[in-house]
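Survey of secondary and tertiary structure
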Amino acid sequence: MQKIQNLINGELVAPQSGEYLENFNPATGEVYSFIPDSDERDVANAVKAAKDAFPLWSNMQKEKRSAILIRLSELIQKNLDKFALAESIDNGKPVWLAKSVDIPRAVSNLHFYATASLHTHTETHAMEATALNYTLNTPVGVAGCISPWNLPLYLFTWKIAPALAAGCTVVAKPSEITPMTAYLLSELCEEAGVPKGVLNIVHGLGTKTGMAIVSHPDVAAISFTGGTKTGEVIARTAAPMFKKLSLELGGKNPNIIFGDADFEKAVHTSVRSSFSNQGEICLCGSRIFIERSIYEKFKTAFVDEVKKLKVGDPLNDDSWIGAIVSKQHKEKILSYIKLAREEGGTILCGGEEINPGGKNAKGYFISPTVIEGLSFDCRTNQEEIFGPVVSIMPFDTEEEVLSYANSTQYGLAATLWTQNLSRAHRMSAKIQCGIIWVNCWLLRDLRTPFGGMKGSGVGREGGFEALKFFMEEKNVCIKF
Ligand code: TXE
C-alpha cells in the first residue's frame, strides 16, 4: 500500500520517525494509503531548506518566478483526471465535483497569483519640494501554510500560490485526513522547475507537525484555514512571537429569502448552497430564513428537491452527495441531528446514516437533512455542523431576520434573495459578515477580498490582499 513522502529540500523523503499514519477512503471505510507521521525534526529540516532557498527565490526576477508557477499550474491541468480521482478518493466528494470545481480552481489559484505578482505597484508621497517617500514591499521570508480537508488542493494552493508569488519560500502542511493531492503536486515540482527548498510539504498531525510549523522561530507568517477552535490555539502560539497571521475559520452562514425573490432560482441555488460537497464548505448556507408569505411554498419546493439528491459512491457520476470525510466527522454530524431533535426540531427529510451497500457498506454517508421548528438561538442554529444539515425558519421583518443572521459568533458569508435593489443594499450593509452573495452563491472573482469577521477569522485572502499579507511594507523618506 502506498506510503506518501514529505517534500523537503526538493527531495521526496520519509519522516525522521519512520512512522506512518493510516489514510482512510471515506467511501469504503478502508485504509488505502499511509502518510508520514512527521514531527519537529522534519519541520526543522523543511524550515532550514526554505531559509536556505529564500535568497535565490526572493531575488529571482518576478517574471521567472511567475513562469515556474504557471508551469506548475499547467502540469496539474494536464493531470486533471488523476488529481480529481485522487481528491475524490481522499475526501469522499463526488469525482465530477473534484473535476469541475476543486482541481480547476487549484489551477486558477496558481495561475492567478503567478500573473497578479507581475502587476503589483507601490505608492509614493511627495512632501512638496523637500522630500519624497516611497514604499517598498519585500517578501517576509519563510511562510507557514496550513490547510483543511474540505477542499484540499483548492485551499492548499489558495495559500501557497500567493506566498510563492510574493517571493516567500514555504513550509506547507495539508490536512492529515486529505494529503493525497498535495503529495501529487509535490511530485510535479521538479518538472515545473521549482528550485529545491522553495516549496516544502510536511505531512502529519495538526497538533504535532502543524504546531511545529506555527511555533518555529524562523517561520515569519502563518496562513491557516480550519476550525475556529484551532485558529484560537494557533493564535495563542503565534501572536506572542509577533508572526503575521491570516486565519480563515468556521462559519454558520445565513441564507435569507424574501417574498419577492426569483422563486425557482432561490430554491435551486439554495439546494446547492446547502448540500454541495456534502455541506462541508465553510461558505454553505446552513441557516435558511424565509419570509413568512412564501414559507410553506418554499419549504415544500425545497424539501422536494432535496429528496431527489442521490447519496452514493463518489465515483459514480449520478452521486450528487458523496461520503462524509471521516468516521469522526460523521459521528459529529449525527450528534447534531440528535441534538436538533432534543431542541424541538422536526426533521422534514434525511436525518439518518445511509448504507449504499456493496463496497460502500462501511463508508460514511448521511442523507441531506432539513430541519424546521428550532429557535434561532438554539445550539443547532448557533454552532457550526459542517455537514449536509440545514435548518429553515420563517421571518416577518428585515429587523427580525437581521437579528437572527447576526446572532452567532461567526461572520463569514451570507446569501440574500430579493429583487428589491434598495433592500439588497440596505441588508448587505447591516449583515455582519465578510462575503455577501445577492441572488447567487459561490460566484467568485479571485480579485475580491475573501474572509470573515468575528469567529470566522482574521485578515483577508484573495487579490492583492493575499500578496501583501506575505510581504513587509517599508517606507523610505529621501530629503532632496
Ligand atoms: O479544521 P482543523 P478541519 C473550517 C470549517 C471547519 C473546519 C474544517 O468551517 O470548521 O475548517 O476543517 C491543522 N496547530 N473552514 O476540521 O482541525 C490540521 O492538521 C497547527 C473554514 O480540517 O482546524 C489541518 O491541516 N495546525 C475555511 C488544519 O489545521 C493544526 C474553509 C485544519 O484542521 C492544529 C474551510 C494545531 N494545533 C474550512 N490542529 C474558510 N473560512 O474559508 C489542527 N491543525
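This structure is a prediction, so every number in the text was calculated from the model and none was measured. (Residues numbered from 1 in each chain as written. Predicted model: local features only at pLDDT ≥ 70, side-chain atom pairs only at ≥ 80, totals over all residues. Heavy atoms only, no water.)

Looking only at helices and strands, one finds 15 helices and 23 strands in the protein. Computed over the C-alpha atoms, the radius of gyration of the protein is 23 Å, within 12% of the 23 Å expected from 2.2 N^0.38 for a compact globule of 480 residues. Taken along its principal axes, the extent of the C-alpha atoms in the protein is 70 × 65 × 40 Å. A burial count over the protein gives 59% of its 480 residues as buried. Of the contacts made within the protein by residues no fewer than 6 positions apart, 74% connect residues no fewer than 24 positions apart. For the protein, the exposed area adds up to about 19,000 Å²; of that, 55% sits on carbon and sulfur atoms. If the 49 positive side-chain charges of the protein are averaged to one point and the 53 negative ones to another, these points end up 3 Å apart. (Helix = DSSP H or I, 4+ residues; strand = E, 2+ residues; numbered from the N terminus. Rg over C-alpha atoms; globule rule 2.2 N^0.38 Å. Buried < 20%, exposed > 50% of the residue type's maximum accessible area, 1.4 Å probe, protein only. Contact = heavy atoms within 4.5 Å. Areas by Shrake-Rupley, 256 points an atom, 1.4 Å probe, with all protein chains shown as cover. Lys, Arg positive; Asp, Glu negative; His and termini not counted. Charge placed at Lys NZ, Arg CZ, Asp CG, Glu CD.)

So, about the side chain of S58. By the secondary structure assignment, S58 is in helix α1 (residues 40–59). When its relative accessible area of 18% is taken as the criterion, S58 is described as buried. One polar contact links the side chain of S58 to the main-chain carbonyl oxygen of P55, over a distance of 3.4 Å. Setting aside anything within four residues of it in sequence, one finds S58 in contact with R65, P139 and G167. (Polar contact = N/O pair within 3.5 Å; in protein donor to acceptor, adjacent residues only side chain to side chain.)

Okay, the sheet that holds strand β23 (residues 471–479) next. Across the sheet, 3 strands lie side by side as β6-β7-β23; this open sheet has antiparallel pairing. A strand with exactly one partner marks an edge of an open sheet, and here the two such strands are β6 (124–127) and β23. Taken pair by pair, the neighbouring strands of this sheet meet at an average axis angle of 20°, ignoring direction. Two elements, β6 and strand β7 (residues 131–139), share 4 bridges in a ladder whose sense is antiparallel. What sits directly across from H125, in β7, is N133. (Pairing = 2+ DSSP bridges. Axes fitted to C-alpha atoms, helices over the stretch in contact; angles between N-to-C directions.)

Ordered in space as β15-β16-β17-β14-β13-β19-β20, the 7 strands form an open sheet in which the pairing is mixed. In this open sheet, the two strands that pair with only one neighbour each are β15 (346–349) and β20 (435–438). Mean inter-strand twist for the sheet, computed between neighbouring axes without regard to direction, equals 25°. In this structure, strand β13 (residues 253–257) lies alongside strand β14 (residues 285–291), joined through 5 bridges in parallel fashion. By the bridge assignment, N253 is partnered in β14 with G285. Sheet strands touched by helix α13 (residues 398–405): β13, β14 and β17 (389–395). Its angle to β17, the strand with the most contacts, is close to 155°.

So, about helix α14 (residues 421–430). By the burial criterion, the buried members of α14 are R423, A424 and M427. Seen from one end, α14 has its buried residues packed into an arc of 100°, which puts them on one side. The outward face of α14, more than 90 degrees from its buried face, is lined by the exposed residues L421, H425 and A429. The secondary structure elements touched by the buried residues of α14 are β13, α13, β19 (413–417) and β20. (Arc of directions from axis to C-beta.)

When two helices pack together, their arrangement is given by the angle between the helix axes and the distance between those axes. Orientation of helix α9 (residues 263–275) relative to helix α10 (residues 295–307), taken along the N-to-C sense of each, is 50°, at an axis distance of 10 Å. Between α9 and α10, the interaxial angle falls into the category oblique. Judged by the twist between their axes, the crossing of α9 over α10 is right-handed. Every residue of α10 that contacts α9 at F263, A266, V267, H268, S270, V271, S274 and F275 is listed here: K297, F298, A301, F302, E305 and V306. Taken together, the residues of the contact of α9 with α10 sort by class into 9 nonpolar, 3 polar and 2 charged. (Parallel < 35°, antiparallel > 145°, perpendicular 65-115°, else oblique. Left-handed = near helix turned anticlockwise from the far one by under 90°. Nonpolar A, V, L, I, M, F, W, Y, C, P; charged D, E, K, R; others polar.)

With that settled, the discussion passes to the nonpolar core. Ranked by internal contacts, the top residues of the largest apolar core, which has 78 residues, are I76, Y113, I160, L185 and L283. Residue contributions to this core reach at least three from each of two domains, namely domain 1 (2–249 + 456–479) and domain 2 (253–446). With 26 residues, the next largest nonpolar core counts Y295, F298, A323 and V390 among its residues. (Core = buried A, V, L, I, M, F, W, Y, C linked by side-chain atoms within 4.5 Å. Domains from an automatic or database assignment.)

Entries for the protein in the domain assignment read domain 1 (2–249 + 456–479) and domain 2 (253–446). Here the C-alpha centroids of domain 1 and domain 2 sit 30 Å apart. Contact residues are listed per partner, giving 33 residues for domain 1 and 31 residues for domain 2. Taken together, both faces of the contact between domain 1 and domain 2 bury some 2,500 Å²; the carbon and sulfur share is 59%. (Buried area = accessible area lost by both parts, 1.4 Å probe.)

Once that is clear, we can look at the packing of helix α2 (residues 62–78) against helix α6 (residues 180–192). It is at 9 Å that the axes of α2 and α6 come closest, and there the two elements cross at 130°. Here α6 runs oblique to α2, going by the angle between their axes. Seen along the crossing, α2 lies across α6 with a hand that is right-handed. Listed contacts from α6 to I68, R71, L72, L75, I76 and K78 of α2 are L185, L188, E191 and A192. Counted by class, the contact of α2 with α6 contains 7 nonpolar, no polar and 3 charged residues.

Going through the model one piece at a time under the given rule, you end up with 25 salt bridges. R379 serves as the salt-bridge partner of E383, at 2.6 Å between the closest nitrogen and oxygen. Judged by relative accessible area, R379 falls into the partly exposed class, the value being 42%. (Salt bridge = Lys/Arg side-chain N within 4 Å of Asp/Glu carboxyl O.)

To continue, consider the state of the cysteines. In the structure shown here, the tally under the stated rule is 0 disulfides. C349 forms no disulfide, and the closest cysteine sulfur to it belongs to C284, at a distance of 15 Å. On the accessibility criterion, C349 (8% relative accessible area) is buried. (Disulfide = S-S within 2.5 Å.)

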